[in-house]
Amino acid sequence: MNILAVESSCDETAVAIVRDGREVLCDCIASQVDLHRIYGGVVPEIASRKHIEAIYGLADQALQQTGLTKNDIDAVAVTYAPGLIGAVLVGVNFAKAAAMAMNKPLIPVHHIRGHIAANYIAYPNLKPPFLCLVVSGGHTMIVEVKDYTDMNILGTTLDDAAGECFDKVARVLGMPYPGGAALDKAAKLGDETKYNLPRSKPGENPYNMSFSGLKTAALNLIHHAEQVGEELDIPSLCASFSAAVSDTLVPRVVMALQQTGYRKIAVAGGVAANSRIRADILVAAEKLGAEVYMPPLSLCGDNGAMIGAQAYYEYLAGNTADMSLNAYATKSILGEAI
Ligand code: KG4
Ligand code: ZN
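Just so it is clear, the model here is predicted, and its values are computed rather than measured.

**Examining the packing of aromatic side chains**
Here's step 1: Within the structure shown, the criterion is met by 9 aromatic pairs.
Here's step 2: A ring pair is formed by Tyr312 and Tyr313, whose centres lie 5.1 Å apart and whose planes are at 80 degrees; its orientation type is edge-to-face. Here the two residues Tyr312 and Tyr313 agree in accessibility, since each one is buried.
Here's step 3: Here the aromatic residues Tyr120, Phe130, Tyr148, Tyr312 and Tyr313 are joined through ring pairs into a cluster of three or more.
Here's step 4: Here the basic side chain of Lys331 rests over the ring of Tyr328, its NZ or CZ set 4.1 Å away from the ring centre.

What follows is the structure, given as structure tokens:
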């Protein structure tokens, strides 16, 4: 089954064609990152306009690259939530029009389910059940993937997402948007013991996390150094910060593996590209004898292929939509309104 998949929830317009949930026939992406960089973050209105400009050309490009025609497309999938509402709407309206014009099923896909499904592309033999650490610009959670479309959230951040914190700290350090990757690179040359940053333990659910205290501590440290004229050791601050984020995430993943008995751990989302988190997960999983699944960096960030992968399983589960499909800025990975 060939699925034409559309993703436009943030600052990448993407159209992919994926066969049977696992085989990526093409993955076309138009990134707007350079454009938003001058503003230090995504400007929603500009993002929506750029999606409109890019999406038709990308769909043509996808067909041309694969040599397929519209008749070879069996369904159209789209990220319908969550994301910048204007941006998500562009993809949803395009997908609705394409599905209607081609008289094919329309499959709505939750963006975070798509991130998890990037693992199915990277690991053709991976099947649920497994645990997944989801770390993106807007979400941070530990998910029990019981089946392809049946999930349970064990714990989540109670405030900021890990990616948001990486970006904010990187921005204050003068790194270009989105700063996570630059901060990660700088951290490799630093001493992680140099700065003492907090690891929070919020609330009653031991799987829940908080990053706002860490973010504020890092920002206060930077501002204080500026005020007193102290020169910061930026690589070491980046290393200390990355260690604090990883120390917030990885022990909870270990606890989840131990308490649930799962022996497979996957990571997903843009922050899953972080070298410190990847290394710590590998070490922790090895100690527990758990299998680790980590998509290549190209599949960690937003892309259309991951939407096409998840769409196949949503389709098999009967999760299709009609022309009344709407876009949502927020929606739980379980499909509930937030
Ligand atoms: O999943 P994603 O592409 O978009 C959302 O769905 O939010 O994640 C983007 C986030 C940004 O915050 C970006 O800075 C972060 O992923 N990111 C990283 C790294 N690469 C991307 N954060 C830390 N280390 C990295 N190597
Ligand atoms: Zn994403």
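**Comments concerning the domain arrangement of the protein chain**
Where the parts come together, the accessible area they lose is often given as the size of the interface.
Here's step 1: What the domain assignment lists for the protein chain is domain 1 (2-116 + 299-316) and domain 2 (128-297).
Here's step 2: At the interface, 20 residues of domain 1 touch 24 residues of domain 2.
Here's step 3: Both faces considered, domain 1 and domain 2 share a buried interface measuring about 1700 Å² in area, 69% of it formed by carbon and sulfur atoms.
Here's step 4: The three residues of domain 1 that bury the most area against domain 2 are Ile112, Ile116 and Cys300, which together make up 36% of that side's buried surface.
Here's step 5: Viewed at the interface, domain 2 and domain 1 are joined by 0 salt bridges.
Here's step 6: Between the two partners, domain 1 and domain 2, sit 10 residue pairs in polar contact (both at pLDDT 80 or more).
Here's step 7: Where the side of domain 1 that touches domain 2 is concerned, the elements lending two or more residues are α1 (33-37), α4 (111-122), α10 (297-300) and α11 (305-316).

The rules we used
Residues numbered from 1 in each chain as written. Chains lettered and ligands numbered in written order. Predicted model: local features only at pLDDT ≥ 70, side-chain atom pairs only at ≥ 80, totals over all residues. Heavy atoms only, no water. Phe/Tyr/Trp six-rings, centres within 6.5 Å; stacked < 30°, edge-to-face > 60°. Buried < 20%, exposed > 50% of the residue type's maximum accessible area, 1.4 Å probe, protein only. Lys NZ or Arg CZ within 6 Å of the ring centre and 35° of its normal. Domains from an automatic or database assignment. Contact = heavy atoms within 4.5 Å. Buried area = accessible area lost by both parts, 1.4 Å probe. Salt bridge = Lys/Arg side-chain N within 4 Å of Asp/Glu carboxyl O. Polar contact = N/O pair within 3.5 Å; in protein donor to acceptor, adjacent residues only side chain to side chain. Helix = DSSP H or I, 4+ residues; strand = E, 2+ residues; numbered from the N terminus.

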